[in-house]
Amino acid sequence: MTAAEQISVPEPVLREDGLDFTPTARSVTFSRRRTARLVREWGYPGLAGDAALLVSELATNALLHGAIRGRLFRVHLTLTATALRIAVSDPRGERLPGLREAAGDECYGRGLLIVERIADRWGVEPRTVGKTVFAELDLRQGPDMPRGPREAVRAGPPCS
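Computed from a predicted structure; not experimentally measured. (Residues numbered from 1 in each chain as written. Predicted model: local features only at pLDDT ≥ 70, side-chain atom pairs only at ≥ 80, totals over all residues. Heavy atoms only, no water.)

## Quick notes on the overall build of the protein chain
For the record, the criterion: Strands are runs of DSSP state E lasting at least two residues, helices are runs of H or I lasting at least four, and both sets are numbered from the N terminus onward. Relative accessibility under 20% of the residue-type maximum defines a buried residue, over 50% an exposed one, and the middle range a partly exposed one, all with a 1.4 Å probe and only protein chains included. Working rule for contacts: check all heavy atoms of both residues, and any pair within 4.5 Å makes them a contact. Only the protein chains shown count as cover for residues, with accessible areas throughout obtained via the Shrake-Rupley method and a probe of 1.4 Å.
Across its full length, the protein chain carries three helices and five strands. Along the protein chain, from the amino end to the carboxyl end, the secondary structure elements read β-α-α-β-β-α-β-β. For the protein chain, with 160 residues in total, the buried portion stands at 37%. For the protein chain, long-range pairs separated by at least 24 residues make up 66% of all intrachain contacts whose partners lie at least 6 apart in sequence. Accessible surface computed for the protein chain: about 9,700 Å², of which carbon and sulfur atoms make up 53%.

## A few points about helix H3 (residues 111-118)
Let me state the cut-off plainly: Throughout, the arc means the angular range of directions from the helix axis out to the C-beta atoms.
Regarding H3, the residues found buried are Gly111, Leu112, Ile114, Val115 and Ile118. Projection of H3 onto a plane perpendicular to its axis shows the buried side chains occupying an angular sector of 155 degrees, all on one side. On its buried face, H3 sits against helix H2 (45-65), strand S4 (121-126) and strand S5 (131-138).

## Concerning the packing of aromatic side chains
For the record, the criterion: Stacked, tilted and edge-to-face pairs are distinguished by plane angle, under 30 degrees for stacked and over 60 for edge-to-face with tilted covering the rest, among Phe, Tyr and Trp rings (Trp via its six-membered ring) whose centres lie within 6.5 Å. The rule for a charge over a ring is simple: NZ of Lys or CZ of Arg within 6 Å of the ring centre, and within 35 degrees of the ring normal.
As enumerated under the stated definition, the model contains two aromatic pairs in all. Measuring from ring centre to ring centre gives 5.7 Å for Phe21 and Phe30, while their planes differ by 65 degrees; the resulting arrangement is edge-to-face. Take Phe21: its relative accessible area is 5%, and that puts it in the buried class. By relative accessible area, which is 45% here, Phe30 ends up partly exposed. Taken together through their ring pairs, the aromatic side chains of Phe21, Phe30 and Phe73 make up a single cluster. Its guanidinium or amino end placed over the ring of Phe134, Arg85 lies 4.2 Å from that ring's centre, counting from NZ or CZ.

## Observations regarding the pairing of strand S2 (residues 73-79)
Put simply, the rule is: Whether two strands pair comes down to DSSP finding at least two bridges between them.
Counting buried positions along S2 gives five out of seven residues, so the element sits mostly inside the fold. With seven bridges joining them, strand S1 (residues 15-21) and S2 adopt antiparallel strand pairing. Its bridge partner being in S2, Leu19 is matched across the sheet by Val75. As paired strands, S2 and strand S3 (residues 83-90) are joined by six bridges and run antiparallel to one another. In the strand pairing of S3, Leu77 is matched with Ile86. The turn joining S2 and S3, which pair antiparallel and follow one another in sequence, is formed by three residues.

## Here we look at the sheet that holds S5
Where strands meet in a sheet, backbone hydrogen bonds hold them as pairs that are either parallel or antiparallel. Just so we agree on the cut-off: Structural elements are reduced to axes, namely lines fitted to C-alpha atoms, with helices fitted over the stretch in contact, and the angle between N-to-C directions of any two is expressed from 0 to 180 degrees.
Taken in spatial order, the five strands of this open sheet run S1-S2-S3-S5-S4, and their pairing is antiparallel. Two strands lie at the open edges of the sheet, namely S1 and S4, each paired on one side alone. Each adjacent strand pair in this sheet contributes to an overall mean axis angle of 15 degrees, direction not counted. On the sheet, H2 packs against S2, S3 and S5 and is oriented at approximately 15 degrees with respect to S3.

## As for the nonpolar core
The line we're drawing: Residues grouped as a nonpolar core are buried Ala, Val, Leu, Ile, Met, Phe, Trp, Tyr and Cys residues, joined through side-chain atoms within 4.5 Å.
Ranked by size, the top nonpolar core spans 32 residues in total, and within it Leu54, Leu84 and Ile86 carry the most contacts. Secondary-structure elements contributing two or more residues to this core are helix H1 (25-41), H2, S2, S3, H3 and S5. Looking at this core element by element, the count peaks at nine residues for H2. Those residues in contact with Leu84, other than ones at most four positions away along the chain, are Val39, Trp42, Ala51, Thr78, Leu79, Ala135, Glu136, Leu137 and Leu139.

Structure (C-alpha cells):
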C-alpha cells in the first residue's frame, strides 16, 4: 500500500466538552473562563491562557459576524494525545472569516491575526447549517510546560 492509499485513522479523543451559548458578550467571557478552567483540569495549565484567548477571539467573531437572532453558537473543545482543538460553530455559513490588515485607528479586525499567530493550525469547516471555525494547539511539550514565547501581535490604539 502506498502512502497515498493509506487510510488515515483519527486520533482517539482523550477529553471533550461542548456547550451552546446565547450570542451575547457575556457568553464570550463565560466561554473564555470555562475553556481556561477545563484545560487546566485536563492537565495542561500551560495551554490554558492560549486556549482562552483563542476561544475568546473565535466566540467574538461568532457573535459579531455569525449571530442570528434566536440561534445559539457552540464552543467545542477536543483533547487528543497530540493537540487541543477549539471549535466555534455559528449559524451563518455564508459569512466566512478571512485575514485582513486592520488600519491603525480601527478597534476591530485583529482577531484572526491573533488566532493565526497563536494557533498551530486554524480553518473553517462548512456545516449543513452554518460553519465551524477551529484552531488547534499542538501538545509539543510536557503537560505542565508553557508553549514558549510568542511573537506579539501589534495592536492599534486602545478603543473605548
